[in-house]
Amino acid sequence: MNIPILMYHSIMDGHDKSVSVKSFQRQMNLMKGLGYISINFSEIDKENLKKKFIITFDDGYENIHTNAFPILKKLDFKATCFIISGKINQYNDWDKDKKNFKKLQLMNNDQIKELSSNGFEIGSHTKDHVNLTSLSTNEKNEQIISSKNFIKDQFNIDVKTFAYPFGSYDDESIRIVKDHYNYAVTTKPSKFNPNKFKDIEIPRVSINSNTSAFKFLLKVMTNYENFK
């Protein structure tokens, strides 16, 4: 049984790298209408994944709280939000050298707490959103482990899930993540089959600004994503 794990980043209007609020609303309404139930990673029952899906947000943008959260709450959906522990209430400075860069605000402590208290799973996206493959062993440990410890100290959340920044990792990164987390997500395209993929290298279904309603259904309802 395959489960779609949706990968989002920013949910806002007027930004070509973000899914618009209207599109996100339509996509979530489609999932609700199809009878899907959202779960968190800790709730994965590998024997019963029918009509289950997971929503993930990378980076922890403020617009997830302001735009996506109200939509999800109304539909009784929850999601996993991967936050960057060293950049809470800051902005996406890791993108500043990219073409058409737009400064986007990240969530603050109170917003993260509200998501957590409403059933959102808070995961780690490292301390500083750096490419793990470019780091030494000590630096990898700092990025991967300190973020988990910070979230525990700051929010009293025992973090079980991790997202690799830029989808980049190596064998050493996997070993460190495996010692401290139960699940880790990549940017590799596919639905998640627990008999095929490792819990520490979970693929996702990427949803972006160009994902039409038809393409969204194709990604979720068929094996289209598995063959990309």
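These lines cover the structure that appears in this document, whether it is placed above or below. (Residues numbered from 1 in each chain as written. Predicted model: local features only at pLDDT ≥ 70, side-chain atom pairs only at ≥ 80, totals over all residues. Heavy atoms only, no water.)

Things to note about helix 4 (residues 137-155)
So, point 1. Along its 19 residues, helix 4 runs 27 Å from first to last C-alpha, staying within 8% of the 27 Å computed at 1.5 Å per residue.
So, point 2. Of all the bends in helix 4, the greatest, near 30°, is centred on S146.
So, point 3. Within helix 4, burial applies to K140, Q143, I144, I145, S147, K148, I151 and F155.
So, point 4. The elements touched by buried residues of helix 4 are strand 4 (80-83), helix 3 (109-117), strand 5 (121-124), strand 6 (161-163) and helix 5 (171-180).
So, point 5. Positive backbone phi, approximately 55°, marks N156, located one or two places after helix 4. (Helix = DSSP H or I, 4+ residues; strand = E, 2+ residues; numbered from the N terminus. Expected span 1.5 Å × (residues − 1). Bend = angle between axes of the 7 residues up to and from the residue. Buried < 20%, exposed > 50% of the residue type's maximum accessible area, 1.4 Å probe, protein only. Contact = heavy atoms within 4.5 Å.)

Re the packing of helix 1 (residues 21-33) against helix 2 (residues 62-74)
So, point 1. Direction vectors running N to C along helix 1 and helix 2 enclose 25°, while the axes themselves pass 10 Å from each other. Between helix 1 and helix 2, the angle is such that the two are roughly parallel. Once helix 1 is placed against helix 2, the crossing between them reads as right-handed. For the pair formed by helix 1 and helix 2, the contact residues are V21, F24, Q25 and M28 on the first element and N67, A68, I71 and L72 on the second.
So, point 2. Of the residues assigned to the contact of helix 1 with helix 2, the class counts are 6 nonpolar, 2 polar and no charged. (Axes fitted to C-alpha atoms, helices over the stretch in contact; angles between N-to-C directions. Parallel < 35°, antiparallel > 145°, perpendicular 65-115°, else oblique. Left-handed = near helix turned anticlockwise from the far one by under 90°. Nonpolar A, V, L, I, M, F, W, Y, C, P; charged D, E, K, R; others polar.)

Things to note about the pairing of strand 5
So, point 1. Residues E121 and G123 of strand 5 are buried on one face, and the alternating residues I122 and S124, pointing to the opposite face, are buried as well.
So, point 2. With 4 bridges joining them, strand 4 and strand 5 adopt parallel strand pairing. Residue T80 lies in a different strand from strand 5, and its bridge partner there is E121. (Pairing = 2+ DSSP bridges.)

With respect to helix 1
So, point 1. Taking 1.5 Å of rise per residue, the 13 residues of helix 1 would be expected to cover 18 Å, and the 18 Å separating its terminal C-alpha atoms lies within 8% of that figure.
So, point 2. Listed in full, the buried residues belonging to helix 1 are S23, F24, Q27, M28 and M31. The arc enclosing the buried residues of helix 1, seen along the axis, measures out at 130°, which places them on a common side. For helix 1, the exposed residues lying more than 90 degrees away from the buried face are K22 and G33.
So, point 3. Looking at the packing, one finds that the buried side of helix 1 touches strand 1 (5-8), strand 3 (52-59), helix 2 and helix 6 (213-221). (Arc of directions from axis to C-beta.)

What to know about the nonpolar core
Generally speaking, a soluble globular protein has its nonpolar side chains buried in company with each other.
So, point 1. Residues Y8, F24, M28 and F57 are the most contacted members of the largest nonpolar core, which totals 54 residues.
So, point 2. For this core, the leading source of residues is helix 2, giving 5 residues.
So, point 3. Residues contacting F57, with those up to four places away along its chain left out, are Y8, H9, I11, F24, I64, A68, L72, A79, T80, C81, F82 and F120.
So, point 4. Counting 13 residues, the second largest nonpolar core, distinct from the first, contains I44, Y183, V185 and F192. (Core = buried A, V, L, I, M, F, W, Y, C linked by side-chain atoms within 4.5 Å.)

Notes on the environment of H15
So, point 1. Here H15 lies in the loop between strand 1 and helix 1.
So, point 2. Along the backbone, H15 and F57 are 42 residues apart, and their C-alpha atoms lie at a distance of 16 Å.
So, point 3. Here S18 takes part through its side chain, which lies 2.5 Å from a polar atom of the side chain of H15. (Polar contact = N/O pair within 3.5 Å; in protein donor to acceptor, adjacent residues only side chain to side chain.)

Quick notes on the pairing of strand 4
On a regular strand, one side chain projects to one face of the sheet and the next to the other, so that they alternate.
So, point 1. Burial along strand 4 is two-sided: the face carrying T80 and F82 and the face carrying C81 and I83 are both buried.
So, point 2. Note that strand 3 and strand 4 share 4 bridges and pair parallel. Each bridged residue has a counterpart across the sheet, and for F57 the counterpart in strand 4 is C81.
So, point 3. Assessed by its sense of winding, the connection that carries the chain from strand 3 through helix 2 to strand 4 is right-handed.
So, point 4. Chirality of the crossover, the property in question, places the unit of strand 4, helix 3 and strand 5 among those that are right-handed. (Right-handed = clockwise from strand over helix to strand, strands pointing away.)

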